[in-house]
Amino acid sequence: MWARLLLCVLCLTSAGSHAEPVLQKVVDGDTVIIRDQGSSYRLRLLDIDAPESQQAYGKQAKRSLMSLCNGKIEVRTSGTDLYGRTLGHLSCNNIDASRYQVAQGMAWFNSRYSSRTELAPLQQQAQQQALGLWQQPDPTPPWVWRKHFGQHYRQRE
């Protein structure tokens, strides 16, 4: 009887021991640090490009992602980029984070590297409603900003 009870306890313990990924830190509007299975990694969200932290609307984009991801998260990874960051999709409270950031006007749909064409109309709608970064008359895309200022801001990270 004790052996059976011990076996049941061991089964329940091992079944519940698989930890869910945890959002450790929001780096900016399209990058987070995830803790999963005892290790941490930097996750770069696919499909979007958010303003850099020192760029106009950079802090707002970061806060937007932080407020979305204050609960349960799900991560689907799909490789790494040239900088060693893990690439993937992040869902927070069952909401796709990339989709959310574009719809809120907190990121550009990265059409050059993404095939998720359903994000393009969300960006157009955010532009028409002047949401987030689209409140600016001519917002500078992050890839243009990085070309001009990238060597300066990387030293501060």
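None of the values given here were measured: they were computed from a predicted structure.

Okay, the confidence of the model for the chain next. Of the residues in the chain, 84% have a pLDDT of 70 or more, and the chain-wide mean is 86. Taken element by element, the predicted model of the chain shows its lowest mean pLDDT in helix α1 (residues 2-15) (41) and its highest in helix α3 (residues 97-103) (98). Note that residues 1-17 has pLDDT below 50 and, in this model, zero contacts with residues that lie over four places away or in other chains.

Where burial is concerned, most of strand β6 (residues 86-92) is hidden: seven out of the seven residues are buried. Burial of β6 is two-sided: the residues Thr86, Gly88, Leu90 and Cys92 facing one way and the residues Leu87, His89 and Ser91 facing the other way are all buried. Across three bridges, strand β3 (residues 39-45) lies against β6 in parallel orientation. Counted as the bridge partner of leucine 43 is threonine 86 from β6. The pairing of strand β5 (residues 73-80) with β6 spans six bridges and is classified as antiparallel. What sits directly across from glutamate 74, in β6, is serine 91. Hairpin connection, β5 to β6: the antiparallel pair is bridged by five residues, and glycine 84 has positive phi, about 85°.

Turning to unusual backbone geometry, a few remarks are in order. Of note in the backbone geometry, glutamine 37 takes a positive phi value of approximately 55° without being a glycine. Considering the arrangement of structural elements, one finds glutamine 37 in the loop between β2 (31-36) and β3. Positioned with a positive phi, asparagine 93 is a non-glycine residue whose angle comes to about 50°.

A word on the nonpolar core. One broad rule of soluble globular proteins: the nonpolar side chains tend to lie buried together. Membership of the largest hydrophobic core comes to 22 residues, with the highest contact counts inside it found for Val32, Ile34, Leu43, Leu45, Leu65 and Leu90. Only β2, β3, α2 (58-68), β6, α3 and α4 (119-128) provide two or more residues apiece to this core. Not counting residues within four places of it along the chain, the set of residues in contact with leucine 65 comprises Val26, Asp28, Gly29, Asp30, Val32, Leu45, Ala97 and Gln101.

A few words on the state of the cysteines. In protein structure, a disulfide is the covalent linkage between the sulfur atoms of two cysteines. Summed over all chains, the structure comprises one disulfide. With a sulfur-sulfur separation of 1.9 Å, cysteine 69 is cross-linked through a disulfide to cysteine 92. Where cysteine 69 bonds to cysteine 92 through sulfur, the torsion about that S-S bond is close to 65°, and the disulfide is right-handed. On the criterion of sequence distance, the pair formed by cysteine 69 in the loop between α2 and β5 and cysteine 92 in strand β6 is long-range, its members being 23 residues apart. Here the two residues cysteine 69 and cysteine 92 agree in accessibility, since each one is buried.

Conventions we followed
- Residues numbered from 1 in each chain as written.
- Predicted model: local features only at pLDDT ≥ 70, side-chain atom pairs only at ≥ 80, totals over all residues.
- Heavy atoms only, no water.
- pLDDT = per-residue confidence, 0-100.
- Helix = DSSP H or I, 4+ residues; strand = E, 2+ residues; numbered from the N terminus.
- Contact = heavy atoms within 4.5 Å.
- Buried < 20%, exposed > 50% of the residue type's maximum accessible area, 1.4 Å probe, protein only.
- Pairing = 2+ DSSP bridges.
- Core = buried A, V, L, I, M, F, W, Y, C linked by side-chain atoms within 4.5 Å.
- Disulfide = S-S within 2.5 Å.

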